Structures are given as structure tokens and as C-alpha cells.
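Structural features, examined
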Amino acid sequence: MIGYVLALISSVFFALYVIPRKFTKQNPLYFSLFMTIGFFIGSLCLYLLKPIFLFNESPNSSLLWSVVAGPVWTTGFVFFIKSIDIMGLARSNQWKNLQGPVGVILSLIILGEYLSTNPLFALLAGLAVFLSAVYFNIVPSKKDQKINKKGIYLASLSALAFGIVTVINKYVTTNVGVYSQQVVWSLSMVVSILAYIFTNKNMVGSLIKVSRKDIYLGLIAGILYLGASFFMLQSYRYIPSSIGFTIIQLNAIWTISIGLFLFKEIDFKKYSKRIGIGFFLAILGIALLSFAKK
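Figured I'd write up the structure that's included with this text. All values reported here derive from a predicted model rather than from experimental measurement. (Residues numbered from 1 in each chain as written. Predicted model: local features only at pLDDT ≥ 70, side-chain atom pairs only at ≥ 80, totals over all residues. Heavy atoms only, no water.)

Throughout the structure, instances matching the rule amount to 14 aromatic pairs. Pairing Phe-31 with Phe-77 gives two aromatic rings, centres 6.4 Å apart and planes at 20°, and the pair type is stacked. Residue Phe-31 is found in helix α2 (residues 28-48), and its partner Phe-77 is found in helix α4 (residues 64-87); the two are separated by 46 residues along the sequence. In terms of burial, Phe-31 and Phe-77 fall into one category: buried. Ring plane angle 90° and centroid distance 5.1 Å describe the contact between Phe-39 and Tyr-225, whose orientation is recorded as edge-to-face. Residue Phe-39 is found in helix α2, and its partner Tyr-225 is found in helix α11 (residues 212-235); the two are separated by 186 residues along the sequence. Tyr-225 shares its class with Phe-39; the two are buried. Through successive ring pairs, a cluster of aromatic residues spans Phe-14, Tyr-17, Phe-31, Phe-39, Trp-73, Phe-77, Phe-162, Trp-185 and Tyr-225. Lying across the ring of Phe-31, Arg-21 places its NZ or CZ 5.4 Å from the centre. (Phe/Tyr/Trp six-rings, centres within 6.5 Å; stacked < 30°, edge-to-face > 60°. Helix = DSSP H or I, 4+ residues; strand = E, 2+ residues; numbered from the N terminus. Buried < 20%, exposed > 50% of the residue type's maximum accessible area, 1.4 Å probe, protein only. Lys NZ or Arg CZ within 6 Å of the ring centre and 35° of its normal.)

Now the structure itself:
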């Protein structure tokens, strides 16, 4: 039961960490940099609290996979940020949540979780999330359709990247642990973005000019992501990632609600039927998981 609760808490943080992006228009790459720096600082502080938390982790070669996860995740996050700029939180988040089906399928195949998880119900849950994304993909005018397609493409690419990373997360959690994984993973994110920025002199010059407000917003996003990743990784200690990662897709409900009612991204009265079906399918996807664990 504790694994399900941890995954649910993680889903809330996954909805919160993207909100700061709505308050800044800085380059997605710069925002990602400050976000990952915030994540790294938070992860390092947690690790240094080892005497208090009394966790016992023995780093081994499996931790090297967290180095690989860094650039894969940051690439996906930049794509996701760009899709938010194009489509808004409500629409882009549901296409990004295709990471659920991707993560489930990869976990079943690569990690052998089909031994403890019913593949049929896990895949049906993923399909429900996909259909939910389709219903939330509301485009007010034909003029916006071409731009919207670009947003869908970017969000879908981010889903692929995040789905791959969750398999790595589960593997490293099982073989190493949570705290050291977060430090290595977040540091790899920071290094991969800095390496890209420093290959372009113009980007270095622009980076120096980023305002304090934008820096703080990125750092806040990173601290919120620390909460999302920490509770996600802790849930993987108790339940298969194919189940935990899909529960985390409940962030769709929180994120869409924020996009609808806080930022007014979609006309709720005009599209109430489609929005209602979208919510129903998102909840159905999670409900199907009650039958997924063998």
C-alpha cells in the first residue's frame, strides 16, 4: 500500500514542477539548466542528511546508468517545455503522459515485470491515458492546427525520453538506491546542458543576461522536481515501475485542472463534454491498475 501512496504523492509534485514555466519566457534550455541545478542542490542536501535518514546505499557500476539518464531526461524536458510554450499545460501534459505506456511496455519487456504484473491491464491503462490525451487535444481554430501538431510532436518525443528514463530509474533503485542515484542523475543533467551551451558562444553570452526572477523560477521548478523524483523512486522500492509510473500519470488530472481553471487555457464551457471524457479516461487508466498486479 505504501508504494501506491508514494506514487500518488509523486504525481502531485509532477504537476507542480512545471507551473513556474508559465511565469517566464526564458529560453527553454536556460530554464532547464536552472531547473536541473535546483534539482542537483536539493539532491545533494538530501544525500548529506544520511546521518539523519540512516539510509544504507552501496554505489556500484549500476549507478553509471544514472549518468546515461541525465542527457536523455534533459532532452525530453527541453522538448516538453517547448510544447508547453506552444500548446499550454493542459494539452501538452497529456501527450507527454504517453510516457506512461512507453514506460510500462519497456518495464514489462526489459525489467521482466510481466512476472509480477498483468500486461493486459497495464497496457489497457496506458491506452486509456493515450485516449485521454486525444480528447484533451482541443484546438480552437484551423489556423492553430499546424502549430499544434508541432507541439504534439515535441511532447510525444519527451514522452519517449521520460519513458526510457523511468526504466533506468527502476533498475538503479533496485540495484543501488534512491539518494545516491538522485545526486548522480541530477549532476549528469546539469553537465549535459552546460556542455551543449558552451559549444555555442552566443548562448553563453545570453545565459549571463538571464534575470534573477527567471533563475529563481528555474530553481523552484528543480526543488519541486526533487519532490516528484524522490517519491517516485521511493515508490519503486515497493511496487513495479509499470504500476508506479502509471499511477504517477495521475498528474494529468492535477496539471489539466491547473491549466483549465488557473491559466484558462481551454474554454471549459465550450468543450465541457470533451474535457469530461478526457478526465474519465485518465481516471479509468488508473483504476485499471487495481487489476494489474498479480
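We are not done yet, so read on.
This structure, assessed with the given rule, holds one cavity of 30 Å³ or more. As a volume, the largest cavity reaches approximately 100 Å³. Mapped onto the lining of the largest cavity, the elements with two or more residues apiece are α8 (145-175) and α11. Residue contributions to the lining of the largest cavity peak at four residues, all from α8. (1 Å grid on protein atoms, 1.4 Å probe; cavity = no way out; pocket = protein on both sides within 12 Å on 5 of 7 lines; lining within 4 Å. Points joined across faces, edges and corners; volume = space filled by probe spheres on them.)

Its location among the elements puts Asn-118 in the loop between α6 (99-110) and α7 (119-136). Overall, the relative accessible area of 23% leaves Asn-118 in the partly exposed class. Measuring from C-alpha to C-alpha, the distance between Asn-118 and Ser-242 comes to 9.9 Å, with 124 residues separating the pair along the chain.

To continue, consider the layout of surface pockets. One number sums up the size of the largest pocket: a volume of about 280 Å³. As for the largest pocket, its lining consists of 13 residues, of which Leu-29, Thr-74, Thr-75, Val-78 and Tyr-196 are closest to the centre. Elements with a minimum of two residues in the lining of the largest pocket: α2, α4 and α9 (179-197). Among the elements that make up the lining of the largest pocket, the one with the highest residue count is α4 (six residues). Looking at the lining of the largest pocket residue by residue, the classes come out as eight nonpolar, four polar and one charged. (Nonpolar A, V, L, I, M, F, W, Y, C, P; charged D, E, K, R; others polar.)

Within the largest apolar cluster, 41 residues are counted, with the highest numbers of intra-cluster contacts made by Tyr-17, Trp-73, Phe-77, Trp-185, Tyr-225 and Met-232. Top contributing element to this core by residue count: α11, with seven residues. Setting aside chain neighbours within four positions, we find Phe-77 in contact with Tyr-17, Phe-31, Ser-32, Met-35 and Phe-162. One finds Ala-252, Ile-256, Ile-275 and Phe-279 within the second-largest nonpolar core, a separate group that totals 12 residues. (Core = buried A, V, L, I, M, F, W, Y, C linked by side-chain atoms within 4.5 Å. Contact = heavy atoms within 4.5 Å.)

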